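# Architecture at a glance
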Amino acid sequence: MRDVLEELTYHFGNLFKVLKRELFESWFGLLFILSGLIVQYVTYKSTDCSQLSLISGCAGVISVVLCSQKKWLFYAFGWLQLITYCILAYEQRLYGELIENVFYAVMMIIGMWIWLTHYNRETAEVETRKLSKLGLIKIVSYMIIAIVLLNAALSMTDDTQPLLDSATTVPAFVGQILLTYRYREQWIFWFIIDVGSIIMWLIAGDYCMAAQFIFWSLNCIYGFYL
């Protein structure tokens, strides 16, 4: 408890110092963020996306890159992205996405705590873990079963895209749990989610969200090998 409070005091007491270090420490990471923000803005200006989509997309770009770099401050931008995305998902009647993001909110509170207890102030990074091959196989098997069951349930509602909604929601639960407990295999599941989400938001006609998930899929590769 004392360690967590100490890290919170450090992060928010030295907010500008921490922001400068975590955002500008890696020039590649900074250029990667800027490229994602430019794509979001160009997409917004050239389509009929809402300002809310632009805000959500920009917050999402910054948060996922900070996450791939194992930076605790990714949670700050993650909350902004989560709240705005929930509003957009509700407007599109994507109920699986709403369920998924309520779960994110709970796990993000837990994750903030866990990441703080494993934060290395010298490297400004959170220490990560690795899954065993057997553990990965078990998780994938359970995930496939859950997708089939959720698709059957959502098909009985007015969900506009039950199969894609299910195929992006279930891996998101897995990815968020792995993220919370610092497993680097999270990026495999985030990649699956992102590819499905690109298709889902293209169908929905929200090109800012589609652009965000294209960027996120590229970030999965960056995060996995970082």
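Residues numbered from 1 in each chain as written. Predicted model: local features only at pLDDT ≥ 70, side-chain atom pairs only at ≥ 80, totals over all residues. Heavy atoms only, no water.

With respect to the helices and strands, the residue Thr169 is situated in helix 8 (residues 162–180). Note on Thr169: relative accessible area 2%, which makes it buried. (Helix = DSSP H or I, 4+ residues; strand = E, 2+ residues; numbered from the N terminus. Buried < 20%, exposed > 50% of the residue type's maximum accessible area, 1.4 Å probe, protein only.)

The next subject is the pattern of salt bridges. Where charged atoms from two side chains of opposite charge approach closely, those side chains can pair. Evaluation of the coordinates by the stated rule reveals one salt bridge. Asp158 is the salt-bridge partner of Arg93, the closest N and O atoms lying 3.6 Å from each other. Placement of the pair is Arg93 in the loop between helix 5 (74–91) and helix 6 (95–117) and Asp158 in the loop between helix 7 (133–154) and helix 8, with a sequence separation of 65 residues. (Salt bridge = Lys/Arg side-chain N within 4 Å of Asp/Glu carboxyl O.)

Among the structural elements, Asn219 can be located in helix 10 (residues 207–225). Looking at Asn219, its side chain comes within polar contact range of the main-chain oxygen of Val64, at 2.9 Å. With near-sequence residues (within four places) excluded, Asn219 lies in contact with Phe32, Val64, Val65, Ser68 and Trp187. (Polar contact = N/O pair within 3.5 Å; in protein donor to acceptor, adjacent residues only side chain to side chain. Contact = heavy atoms within 4.5 Å.)

Trp115, Trp190 and Trp201 are the most contacted members of the largest nonpolar core, which has 44 residues in total. Elements with a minimum of two residues in this core: helix 3 (27–46), helix 4 (51–68), helix 5, helix 6, helix 8, helix 9 (186–204) and helix 10. The leading source of residues in this core is helix 6, at eight residues. Counting residues in hydrophobic clusters, the runner-up holds eight residues, among them Val170, Val174, Tyr183 and Phe189. (Core = buried A, V, L, I, M, F, W, Y, C linked by side-chain atoms within 4.5 Å.)

Moving on to helix 10. For helix 10, spanning 19 residues, the distance from its first C-alpha to its last is 28 Å, which sits close to the expected 27 Å at 1.5 Å a residue. Residue Asp206 occupies the N-cap position of helix 10, its side-chain oxygen lying 3.3 Å from the main-chain nitrogen of Cys208. (Expected span 1.5 Å × (residues − 1).)

Below, the discussion takes up the confidence of the model for the chain. Mean pLDDT over the chain: 83, with 88% of residues reaching 70 or higher. Predicted confidence in the chain is weakest over helix 1 (residues 2–13), with a mean pLDDT of 56, and strongest over helix 7, with 91. (pLDDT = per-residue confidence, 0-100.)

Looking now at the state of the cysteines. Per the counting criterion, the structure on display carries zero disulfides. Just so you know, Cys220 is unpaired, no disulfide at all, and the nearest cysteine sulfur is the one on Cys67, 9.4 Å from it. (Disulfide = S-S within 2.5 Å.)

What follows covers the packing of helix 4 against helix 10. Contact pair helix 4 / helix 10: the axes reach a minimum separation of 9 Å and the direction vectors enclose 5°. Looking at the two axes, helix 4 sits roughly parallel to helix 10. In this structure, helix 4 contributes Ser53, Leu54, Ser56, Gly57, Gly60, Val61, Val64, Val65 and Ser68 to the contact, and helix 10 contributes Cys208, Met209, Gln212, Phe215, Trp216, Asn219, Tyr222 and Gly223. (Axes fitted to C-alpha atoms, helices over the stretch in contact; angles between N-to-C directions. Parallel < 35°, antiparallel > 145°, perpendicular 65-115°, else oblique.)

What follows covers unusual backbone geometry. Backbone geometry at Lys70 places phi at a positive 65°, although glycine is not the residue there. In this structure, Lys70 sits in the loop between helix 4 and helix 5. Of note, the phi angle at Arg93 is positive, near 55°, even though the residue is not glycine.

A few words on the environment of Thr123. One can find Thr123 in the loop between strand 1 (119–120) and strand 2 (125–126). Taking relative accessible area as the criterion, Thr123 reaches 39% and is therefore assigned partly exposed.

Counted according to the given criterion, the structure contains ten aromatic pairs. Considering the side-chain rings of Phe32 and Phe215, the 4.6 Å spacing of their centres and the 35° angle between planes classify their relative orientation as tilted. A residue pair is termed long-range when its members are at least 10 positions apart, and Phe32 in helix 3 and Phe215 in helix 10 qualify at 183 residues. For Phe215, a relative accessible area of 7% corresponds to the buried category. Through pairs of rings, three or more aromatic residues link up here, namely Tyr85, Trp201, Phe213 and Trp216. (Phe/Tyr/Trp six-rings, centres within 6.5 Å; stacked < 30°, edge-to-face > 60°.)

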